[in-house]
Amino acid sequence: MGSTRYDIDARYSRASKAGYGTKSAGEIFTQNAKRMAHESMNPNGIAFRESRDSEVHPYSVPIILGLDVTGSMGHIPHELIREGLPKLMGGIIQGGVPDPALLFLGIGDHECDGYPLQVGQFESGDEELDMWLTRTYIESGGGGNAGESYLLAWYFAAFHTRTDAFEKRKQKGLLFTVGDEPCLKTLPASAIREIMGTGQQTYTHYELLEEEKKKYEIYHISVLHSDQAIRADKGWKELLGQNCISIEDHREIPDVIKNIICDTFKNKTSGISENRGLDNVQML
């Protein structure tokens, strides 16, 4: 994975033909009609998702984007496929990080949803990233249990990813979750077994956060579009401090992520050719 480039011109042309700018979420995210997750995104039995260096991307930067696909947040993937994803990838590359490898996660609620975790692959190419994003099932579930399973993103990244960035260069990746609810406080071993196929230990969200920090810098983008979201934001700030970024307009998500990534790696990519990977990326 990750051996293709992100070509903005090709992406815009393909998106126009596919009707991303005009079609409804239901027309684009076809798993919604089937009311089930795509089999390729079922985490059960997955050993690892890997972000590896390649000839095209010799300094791969692993990025995980965990999208809350419950009822109040289900519009975010639609916005990303319409405009946000090319803005995000183009901005990262133009910002001096030519080798991003992005993995999508779909996050629900392990206490009440049928598909609380969906898992893509680390990818760098425009066609591949569109494929994984549009395969996501927007379950629109969640429940009245005061939280969603953002800690599943931490669990998966901590125990089921491998990256050359960390193994070769001791360089942490970046993990972003996006949502409007608190984080559920416990991930039982029984839920892990049901979702992943294996699992013998129950974790608190604090324990998973510490495991995750070994390999990733962790951020949460808190979307403040309701009074409930504002209340949840206070808990996230207590948990992550300045790594909780609060926004009122969900259209800011690509710029927030792009700025964090570029700021993080601006002093670590000085040896990389400025032109590599930027040939087909326009300034956005």
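Residues numbered from 1 in each chain as written. Predicted model: local features only at pLDDT ≥ 70, side-chain atom pairs only at ≥ 80, totals over all residues. Heavy atoms only, no water.

K.L.:
Mind showing me how you'd approach the pattern of salt bridges here?
P.N.:
Where charged atoms from two side chains of opposite charge approach closely, those side chains can pair. Under the defined criterion, the tally for this structure stands at 15 salt bridges. Its salt-bridge partner being Arg 169, residue Asp 53 comes within 2.8 Å of it at the nearest N-O pair. Of this pair, Asp 53 sits in the loop between β1 (49-51) and β2 (61-68) while Arg 169 sits in helix α7 (residues 164-169), placing them 116 residues apart in sequence. The exposure class of Asp 53 is buried, given its relative accessible area of 17%. A salt bridge links Asp 255 to Lys 258; the nearest nitrogen and oxygen atoms lie 3.7 Å apart. (Salt bridge = Lys/Arg side-chain N within 4 Å of Asp/Glu carboxyl O. Helix = DSSP H or I, 4+ residues; strand = E, 2+ residues; numbered from the N terminus. Buried < 20%, exposed > 50% of the residue type's maximum accessible area, 1.4 Å probe, protein only.)

K.L.:
How should the sheet that holds strand β3 (residues 100-107) be read in this particular structure?
P.N.:
Whenever strands of a sheet pair, they do so through backbone hydrogen bonds, lying parallel or antiparallel. In space, the six strands of this open sheet follow the order β4-β3-β2-β6-β9-β10, with mixed pairing throughout. Each edge of the open sheet carries a strand with a single partner, namely β4 (117-119) and β10 (244-247). Pairs of neighbouring strands in the sheet enclose a mean axial angle of 20°, with direction left out of account. Here helix α5 (residues 126-135) sits on the sheet and contacts β2, β3 and β4; the angle it forms with β3, its principal contact strand, is near 5°. (Pairing = 2+ DSSP bridges. Axes fitted to C-alpha atoms, helices over the stretch in contact; angles between N-to-C directions. Contact = heavy atoms within 4.5 Å.)

K.L.:
What should I look at first to understand unusual backbone geometry in this one?
P.N.:
Where the residue is not glycine, phi is negative for most of them; where a peptide bond is considered, it is trans in most cases. Not every positive phi belongs to a glycine, and Ser 140 is a case in point at roughly 60°. Relative to the elements of secondary structure, Ser 140 occurs in the loop between α5 and α6 (151-160). Judged by its relative accessible area of 42%, Ser 140 is partly exposed. The phi torsion at Lys 170 lies on the positive side, around 55°, for a residue other than glycine. Residue position: Lys 170 is located in the loop between α7 and β6 (173-179). The class of Lys 170 is exposed, set by a relative accessible area of 63%.

K.L.:
Whenever I open this one, the environment of Leu 184 confuses me. Can you help?
P.N.:
Note on placement: Leu 184 falls in the loop between β6 and β7 (186-187). Taking the C-alpha atoms as reference, Leu 184 lies 14 Å from Glu 238; in sequence the two are 54 residues apart. Beyond its immediate stretch of four places on either side in the chain, Leu 184 contacts Asp 109, His 110, Glu 111, Asn 145, Ala 146, Gly 147, Glu 148, Ser 149, Leu 151 and His 205.

K.L.:
What is the right way to look at the state of the cysteines in this model?
P.N.:
Under the criterion given, the structure shown has zero disulfides. Cys 183 takes part in no disulfide bond, and the closest cysteine sulfur to it belongs to Cys 244, at a distance of 12 Å. (Disulfide = S-S within 2.5 Å.)

K.L.:
How should helix α11 (residues 253-265) be read in this particular structure?
P.N.:
In an α-helix there are 3.6 residues to a turn, and that puts residues three or four apart on one side. The end-to-end C-alpha distance of α11 is 19 Å, a good match for the 18 Å that 13 residues give at a rise of 1.5 Å each. When we look at burial in α11, the residues that qualify are Ile 253, Pro 254, Val 256, Ile 257, Ile 260, Ile 261, Cys 262 and Phe 265. Elements in contact with the buried residues of α11: β2, α4 (75-94), β6, β9 (216-223) and β10. (Expected span 1.5 Å × (residues − 1).)

K.L.:
How should the environment of Ala 25 be read in this particular structure?
P.N.:
Checked against the element boundaries, Ala 25 lands in helix α2 (residues 25-28). Sequence spacing of Ala 25 and Gly 74 is 49 residues, and the spatial spacing of their C-alpha atoms is 9.1 Å.

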